[in-house]
Amino acid sequence: TVFTGKPGDGKSTLGGQLLLNAVEQGYSVCAYSRELTKEKFLEWLSFQAAGSDYIGLKYDAIRGKQIPCISYQVQQRLADYYRDRVYLYDNTEVFESNQSEAILQVFTTAARRYGCKLFLADNLMTALSDSDEETKAQSKFANALKRFANRYHVHVILVAHPRKVKAGEHLGQDDIGGSSATIRLADSAIVVERPNLRILKN
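Residues numbered from 1 in each chain as written. Predicted model: local features only at pLDDT ≥ 70, side-chain atom pairs only at ≥ 80, totals over all residues. Heavy atoms only, no water.

A. Representation of helix α2 (residues 38-50) within the structure. The end-to-end C-alpha distance of α2, which contains 13 residues, comes to 18 Å, matching closely the 18 Å that a straight helix rising 1.5 Å per residue would cover. Two residues or fewer past α2, G51 is found with a positive phi of approximately 75°. (Helix = DSSP H or I, 4+ residues; strand = E, 2+ residues; numbered from the N terminus. Expected span 1.5 Å × (residues − 1).)

Okay, here's the thing in structure tokens:
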């Protein structure tokens, strides 16, 4: 499944919610985030998992204001809940292969060794621009993700940012950045538009 949408409309949040829903149903999951370290990703996921009943406020002297926080006890409960269920790609690690190959290696290990069934690849595609070489790399990565999903009977959520569109225009299939293979190879494509989801392909 490809998720797209304008910045700030909740693509990553929806991806995290689906990971948590899968864990709640007894599945193991694996996630890659280009923009967040594994620690930041886990913190972000934990706020979603905790919910408003377990999120408090504490004073941050550096920022000079109250910030959201989760108590140590709740963090420990979440850590127990995540154990053997949530696996995160460490994007600070240096791999000999290029990034897309490294992601596939980690995803393959997570599927084979840990039985992960749902995978999130949060926006590698948009880290690349639309030059010919990078478009080829995106097409190759989309193909590799499709083969991976079919081979291991798993599902992959790929977050792809759109190209810039004029204000008021709806995003379409041609507006997703990078290679057209991204949409062509996907089983489904969804635009996240607060407060709605719009299906481009199913």
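Resuming the write-up.
B. Geometry of the pattern of salt bridges. Tallying each qualifying case throughout the model produces seven salt bridges. When the shortest N-O distance is used, the salt bridge between K38 and E39 registers 2.8 Å. On the accessibility criterion, E39 (49% relative accessible area) is partly exposed. E193 is paired through a salt bridge with R198; the nearest N and O atoms lie 3.0 Å apart. For R198, a relative accessible area of 24% translates into the label partly exposed. Via salt bridges that share partners, K38, E39 and D90 belong to a single interconnected network. (Salt bridge = Lys/Arg side-chain N within 4 Å of Asp/Glu carboxyl O. Buried < 20%, exposed > 50% of the residue type's maximum accessible area, 1.4 Å probe, protein only.)

C. Quick look at the packing of aromatic side chains. Under the counting rule described, the total for this entry stands at eight aromatic pairs. Relative to Y114, the ring of Y87 has its centre 4.5 Å away and its plane inclined at 15°; by these criteria the two rings are stacked. Separated by 27 residues along the polypeptide, Y87 in strand β5 (residues 86-88) and Y114 in helix α4 (residues 99-114) bring together distant segments of the chain. Take Y114: its relative accessible area is 37%, and that puts it in the partly exposed class. Within the aromatic cluster, the residues linked to one another by ring pairs are F107, F119, F148 and Y152. (Phe/Tyr/Trp six-rings, centres within 6.5 Å; stacked < 30°, edge-to-face > 60°.)

D. Representation of the state of the cysteines. Following the criterion strictly, the structure yields zero disulfides and no others. The cysteine C116 is free of any disulfide, with C30 supplying the nearest cysteine sulfur at 5.3 Å. Judged by relative accessible area, which is 1%, C116 ranks as buried. (Disulfide = S-S within 2.5 Å.)

E. Just the side chain of D90, in detail. Tracing the chain through its elements places D90 in the loop between β5 and α4. Classification of D90 as buried rests on a relative accessible area of 16%. Among the polar contacts made by the side chain of D90, one reaches the side chain of K38 at a distance of 3.3 Å. (Polar contact = N/O pair within 3.5 Å; in protein donor to acceptor, adjacent residues only side chain to side chain.)

F. Just the sheet that holds strand β1 (residues 2-4), in detail. With respect to topology, seven strands assemble into an open sheet ordered β5-β2-β6-β7-β1-β8-β9, the strand pairing being mixed. Either end of the sheet is taken by a strand with one partner, and the two such strands are β5 and β9 (196-201). On average, adjacent strands in this sheet sit at an angle of 20° to one another, irrespective of strand direction. The sheet contact formed by β1 and strand β7 (residues 155-159) spans two bridges and is parallel. Its bridge partner lying in β7, F3 is registered against V159. Contacts between helix α1 (residues 11-24) and the sheet are confined to β1, β2 (28-33), β5, β6 (116-122), β7, β8 (189-193) and β9, with β6 contributing the most and set at about 170° to the helix. (Pairing = 2+ DSSP bridges. Axes fitted to C-alpha atoms, helices over the stretch in contact; angles between N-to-C directions. Contact = heavy atoms within 4.5 Å.)

G. Representation of the pairing of β9 in the model. In this structure, β8 lies alongside β9, joined through five bridges in antiparallel fashion. If you follow I190 over to β9, its bridge partner there is I199. What sits between β8 and β9 in their antiparallel hairpin is a turn of two residues.

H. Quick look at the nonpolar core. Of all hydrophobic cores here, the largest spans 22 residues; its most connected members are C30, F107, F119, L145 and F148. Dropping the residues within four chain positions of it, F148 is found in contact with L104, F107, T108, A111, F119, V154 and V156. Counting 20 residues, the second largest nonpolar core, distinct from the first, contains L20, A22, V23 and Y82. (Core = buried A, V, L, I, M, F, W, Y, C linked by side-chain atoms within 4.5 Å.)

I. Up close: the packing of α1 against α2. Interaxial distance between α1 and α2 falls to 10 Å at its minimum, and their mutual angle equals 70°. As the angle between them shows, α1 and α2 are arranged roughly perpendicular. Helix-helix and strand crossings are classified by hand; for α1 and α2 the assignment is right-handed. Touching S12, T13, G16, Q17, L19 and L20 of α1 are F41, W44, L45, Q48 and A49, all from α2. Taken together, the residues that form the contact of α1 with α2 break down as six nonpolar, five polar and no charged. (Parallel < 35°, antiparallel > 145°, perpendicular 65-115°, else oblique. Left-handed = near helix turned anticlockwise from the far one by under 90°. Nonpolar A, V, L, I, M, F, W, Y, C, P; charged D, E, K, R; others polar.)

By themselves, these are just geometric observations and shouldn't be taken as functional.
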